[in-house]
Amino acid sequence: MIRYAVDHGVNYIDTAYPYHGGNSEILVGKALMDGYREKVRIATKMPIGRVNSPEDLDRIFNEQLRKLRTDHIDFYLLHGLNRERWIKSLDLNVLDWAEKLMDEGKIGYFGFSFHDEFEVFKEIIGGYDKWTFCQIQYNYLDTESSKRTPGTRGLKYAASKGLAVVVMEPIAGGMLAVPPPPEVQAIWDEAEIKRTLAEWALLWVWNHPEVSVALSGMSDMQQVIENLATADRSGPNILTESDLRIISRVREKYLQYGFIGCTGCQYCMPCRQGVSIPEVLALYNEYLRRRGDEAKQREVINEYNEIISREKGAENCIKCRECEEKCPQHLPISELLTKVARIFGRSG
């Protein structure tokens, strides 16, 4: 899949140290053998949350070079910065460390990925004058500044300061590509040009001239083929006013339905109580999506009881909030699990 994407024009491969239990960089390194490394730019990230000393920086970076089978990283990011991790980065002199590696040619361009609100985003951009790029969560649901994204305001601010902007979660962890509630589908059906749900989401992101790169995780070859075709049709300001009104109406309807924003990233795991948090929240999302159809909602509840054992169910949450501290979306997970336990009807 990776090589097919590269053969058809993809030239930016994003990974990170903790992805897939530390295996993602290994896979990317293998995929980019046989001459493919020279065809792409690799982006990976320093997990600031796991760094406790300057020695950790060198150890992790050298491990990344080995896994990726390369002698340099084209685009290197500080991973998941928020206010706390930004302060930690300054205390550990991470910026000086990165500049040294840039001088040595081991890092090409330096940036950061981000999960916090606009004011923190602005502070980080202003706190260092050699940022080349940043990475933010952005899609047609995440347009307002929140604890997980600086929103449209942040996108425009970064671009105004000369930073390239990489967008993650353009399809909201795939949620914007699943069959929507009937009321949402009825809005899509009014569109003059018929597009897939993923295509609508990706084109909306690429429609912004401030966006340099959109990252989209692809789980099978068909998704790779479809995304490549969508990219060929993409560009800034290609959506019509009618298209944008349709998307705006869809956004309002999704927010009305209580879309909770879990992307299934697994950062919340493991849970000390054994709760299968991503799986439980995925089913809760599905339940909300079926709002207005009691029969379909009952099917989701039955599915929950079939595939989520009592040992892994929401009812085991003790509200320790460890998961919330790790969640890049800053979701109120304990509150959501309480709702699931109540709605899905298992009390113990």
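For the structure itself, look to the data block above.
These figures come from a predicted structure and were not determined experimentally.

(A) Summary view of the state of the cysteines. Considering all chains together, one arrives at 0 disulfides under this definition. With no disulfide partner, Cys268 has as its closest neighbouring cysteine sulfur the one in Cys265, 6.3 Å distant. Note on Cys268: relative accessible area 9%, which makes it buried. For Cys320, which is in no disulfide, the shortest distance to another cysteine sulfur is to Cys323 and amounts to 5.9 Å.

(B) Representation of the nonpolar core in the model. If you look at the biggest cluster of nonpolar residues, it comprises 73 residues, and the most contacted ones within it are Met46, Leu78, Phe112, Trp131 and Tyr140. For this core, the element with the highest residue contribution is helix H10 (residues 197-206), accounting for 9 residues. Core analysis: the next-biggest nonpolar cluster, separate from the first, contains 26 residues, Val280, Tyr284, Tyr287 and Leu331 among them.

(C) Quick peek at helix H11 (residues 221-232). With 12 residues, H11 should cover 16 Å at 1.5 Å per step; its first-to-last C-alpha distance of 17 Å lies within 8% of that length. Within H11, burial applies to Val224, Asn227, Leu228 and Thr230. Each buried residue of H11 sits inside an arc of 160 degrees when the element is viewed along its axis, so together they form one side. Where H11 is buried, its residues meet helix H1 (2-7) and H10. Measuring from the side-chain oxygen of the N-cap residue of H11 to the backbone nitrogen of Gln222 gives 3.2 Å; that N-cap residue is Asp220.

(D) Broad picture of a nonpolar patch on the surface. On the surface, Met1, Met218, Met221 and Ile225 cluster together to form a nonpolar patch covering roughly 300 Å² of accessible area. By the element assignment, Met1 lies in the segment before H1.

(E) Just the pairing of strand S3 (residues 73-81), in detail. Of all 9 residues making up S3, 9 are buried, and the element is well covered by its neighbours. Taken together, the 4 bridges between strand S2 (residues 41-46) and S3 define a ladder with parallel strand orientation. Residue pairing in the sheet places Ala43 in a bridge with Phe75 of S3. Where the polypeptide runs from S2 across helix H4 (residues 54-68) and back to S3, its parallel neighbour, the crossover connection is right-handed. Judged from the 6 bridges that link them, S3 and strand S4 (residues 107-114) form a sheet pairing that is parallel. Looking at the pairing, Leu77 lines up with Gly111 of S4.

(F) Local environment of the pattern of salt bridges. Scanning all chains against the criterion turns up 19 salt bridges. Between Glu190 and Arg249 there is a salt bridge; the shortest N-O distance is 2.8 Å. Here Glu190, found in the loop between helix H9 (182-188) and H10, pairs with Arg249, found in helix H12 (residues 241-256); they are 59 residues apart in sequence, far enough to count as distant. Where salt bridges share partners, they join Lys100, Glu104 and Lys106 into one cluster.

(G) Summary view of the sheet that holds strand S7 (residues 211-214). The 7 strands are arranged S1-S2-S3-S4-S5-S6-S7 in an open sheet whose pairing can be described as parallel. Of all the strands in the sheet, just strand S1 (12-14) and S7 have a single pairing partner and so form its edges. With strand direction ignored, the average angle separating the axes of adjacent strands in the sheet is 30 degrees. Relative to S2, H4 is tilted by about 150 degrees, and along the sheet it contacts S2, S3 and S4.

(H) Seen up close, the packing of helix H3 (residues 24-31) against H4. H4 packs onto H3 with a crossing angle of 40 degrees between their chain directions and a minimal axis gap of 7 Å. The angle between H3 and H4 falls in the class oblique. Note on element contacts: H4 touches H3 through Gln64, Lys67 and Leu68, opposite Glu25, Ile26, Val28 and Gly29. Classifying every residue of the contact of H3 with H4 by side-chain character gives 3 nonpolar, 2 polar and 2 charged.

(I) Inspection of unusual backbone geometry at higher detail. Here the amide bond leading from Met269 into Pro270 is cis, since omega sits at 0 degrees, within 30 degrees of zero. Here Asn237, not a glycine, exhibits a phi torsion of approximately 60 degrees, which is positive. Note that Asn237 resides in the loop between H11 and H12. Exposure remark for Asn237: the relative accessible area of 58% places this residue in the exposed category. One non-glycine residue, Gln266, lies in the positive phi region at around 75 degrees. Take Gln266: it is sitting in the loop between H12 and helix H13 (277-289).

Parameters at a glance
Residues numbered from 1 in each chain as written. Predicted model: local features only at pLDDT ≥ 70, side-chain atom pairs only at ≥ 80, totals over all residues. Heavy atoms only, no water. Disulfide = S-S within 2.5 Å. Buried < 20%, exposed > 50% of the residue type's maximum accessible area, 1.4 Å probe, protein only. Core = buried A, V, L, I, M, F, W, Y, C linked by side-chain atoms within 4.5 Å. Helix = DSSP H or I, 4+ residues; strand = E, 2+ residues; numbered from the N terminus. Expected span 1.5 Å × (residues − 1). Arc of directions from axis to C-beta. Contact = heavy atoms within 4.5 Å. Polar contact = N/O pair within 3.5 Å; in protein donor to acceptor, adjacent residues only side chain to side chain. Patch = residues over 30% accessible without salt bridge, like charges linked within 9 Å, V, L, I, M, F, W, Y side chains within 5 Å. Areas by Shrake-Rupley, 256 points an atom, 1.4 Å probe, with all protein chains shown as cover. Salt bridge = Lys/Arg side-chain N within 4 Å of Asp/Glu carboxyl O. Pairing = 2+ DSSP bridges. Right-handed = clockwise from strand over helix to strand, strands pointing away. Axes fitted to C-alpha atoms, helices over the stretch in contact; angles between N-to-C directions. Parallel < 35°, antiparallel > 145°, perpendicular 65-115°, else oblique. Nonpolar A, V, L, I, M, F, W, Y, C, P; charged D, E, K, R; others polar.

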